[in-house]
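Fold and geometry: a report
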Amino acid sequence: MEKVGRYGFMAEPFHCDFSGRLFMGHLGNHMLNAADFHSTDRGFGMKRLMTMQRSWVLSRLAIEMTEMPQQYTRFNVETWVENAMRYFTSRNFCVVGPSEGAGEGAVYGYGRSIWAMIDTESRQPTDLFAIDNGAINDWIEKDKPCPIDKGGRVRMSPDAQLVREIDTFYNDVDINGHINSIKYIEHVLDLWPLDWYRKHAVRRFEIAYVAEAHAGDRLAFYREQTADSEFCVRICKDGDVEVARSKASFV
């Protein structure tokens, strides 16, 4: 089995925005599905980990796109493990169009992610090398390029303005029992009105997850413009408990 997995998807019409291009949130879902398919095929997927009281949780995600797939377009998400440490592993993605003849299709963009393995009872990070004596090391691929910035800490000043508060419900919660990683992305991108997206497209989106939120928590979104067409957003619950930070760059 190859170290790099490739999984096919389609930009289904009801997963696309008014411009006919795939929503960033749905692209994120496809990336997370590809990550699960890849890890399951190689023996360290969610289904098996759940039998051991373990689970993967997403810690960081950065997506940088030159173009989003148009509706009905079939495309592939390639994914591979770039590195593994005791408590965290880094996984990359490449979004590529269908093959053109004997060659590869056009590259739409790339993604970078950091994952932690947690104990589902204590909710604390656990040693991922304890699974099959560190077998994840057999799947590390260091040579395949992922030419986007890894990103870093999203820095914001205390002057960020509260722009929205929302309640969370059943549809916000995922298999780990907390607010779904992709739901945060959707809620952040909803901070801009429809007219903004008639003139702008998301070039890069990155998010770091700091703490868990659960159904019933009220989330507050603080936004600050940090550069031309670049904004940072801090998400808090219970007043000032930070749960995530993100950065969106538009063109």
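Everything below is about the structure shown above.
Parameters at a glance
- Residues numbered from 1 in each chain as written.
- Predicted model: local features only at pLDDT ≥ 70, side-chain atom pairs only at ≥ 80, totals over all residues.
- Heavy atoms only, no water.
- Core = buried A, V, L, I, M, F, W, Y, C linked by side-chain atoms within 4.5 Å.
- Buried < 20%, exposed > 50% of the residue type's maximum accessible area, 1.4 Å probe, protein only.
- Helix = DSSP H or I, 4+ residues; strand = E, 2+ residues; numbered from the N terminus.
- Contact = heavy atoms within 4.5 Å.
- Polar contact = N/O pair within 3.5 Å; in protein donor to acceptor, adjacent residues only side chain to side chain.
- Patch = residues over 30% accessible without salt bridge, like charges linked within 9 Å, V, L, I, M, F, W, Y side chains within 5 Å.
- Areas by Shrake-Rupley, 256 points an atom, 1.4 Å probe, with all protein chains shown as cover.
- Salt bridge = Lys/Arg side-chain N within 4 Å of Asp/Glu carboxyl O.
- 1 Å grid on protein atoms, 1.4 Å probe; cavity = no way out; pocket = protein on both sides within 12 Å on 5 of 7 lines; lining within 4 Å.
- Points joined across faces, edges and corners; volume = space filled by probe spheres on them.
- Nonpolar A, V, L, I, M, F, W, Y, C, P; charged D, E, K, R; others polar.
- Pairing = 2+ DSSP bridges.
- Axes fitted to C-alpha atoms, helices over the stretch in contact; angles between N-to-C directions.

Points about the nonpolar core
Grouped together as the largest cluster of nonpolar side chains are 59 residues, with contacts concentrated most on Leu27 and Trp192. The leading source of residues in this core is helix 1 (residues 24-41), at 6 residues. If sequence neighbours within four positions are ignored, Leu27 has contacts with Leu22, Ile63, Met65, Met68, Phe75 and Val95. Counting residues in hydrophobic clusters, the runner-up holds 7 residues, among them Met156, Ala220, Tyr222 and Cys232.

Looking at the side chain of Arg42
Relative to the elements of secondary structure, Arg42 occurs in the loop between helix 1 and helix 2 (46-50). Within the structure, Arg42 has its side chain in polar contact with the backbone oxygen of His38 (distance 3.1 Å). Once you skip the residues sitting within four places of it in the chain, Arg42 turns out to touch Met1, Glu2, Lys3, Val4, Gly5, Tyr7 and Trp139.

Comments concerning a nonpolar patch on the surface
Residues Met85, Tyr87 and Phe88 make up a contiguous nonpolar surface patch of roughly 260 Å² in combined accessible area. Its location among the elements puts Tyr87 in the loop between strand 3 (74-84) and strand 4 (88-96). Owing to a relative accessible area of 32%, Tyr87 belongs among the partly exposed residues under this scheme.

Remarks on empty space enclosed by the protein
Applying the stated rule across the entire model yields 1 cavity of 30 Å³ or more. The space that makes up the largest cavity amounts to roughly 40 Å³. Around the largest cavity sit Phe44, Trp56, Met117, Leu128, Ile131 and Ile136, which together line it. Among the residues making up the lining of the largest cavity, the classes are represented as 6 nonpolar, no polar and no charged.

Some thoughts on the sheet that holds strand 10 (residues 241-250)
On the basis of which strands lie adjacent, the open sheet formed by 10 strands has the order 1-3-4-5-2-7-10-9-8-6 and antiparallel pairing. Lying at the two open borders of the sheet, with one neighbouring strand each, are strand 1 (5-10) and strand 6 (161-167). Averaged over all pairs of adjacent strands, the angle between their axes in this sheet comes to 25°, without regard to strand direction. In this sheet, strand 5 (residues 107-119) lies alongside strand 2 (residues 54-65) in antiparallel orientation, the contact comprising 11 bridges. For Leu58, the partnering residue across the bridge sits in strand 5 and is Trp115. Taken strand by strand, helix 3 (residues 181-189) contacts strand 2, strand 6, strand 7 (202-209), strand 8 (218-227), strand 9 (230-237) and strand 10, and its axis lies near 130° from that of strand 7.

Keep in mind that these numbers describe shape and distance, not what the molecule does.
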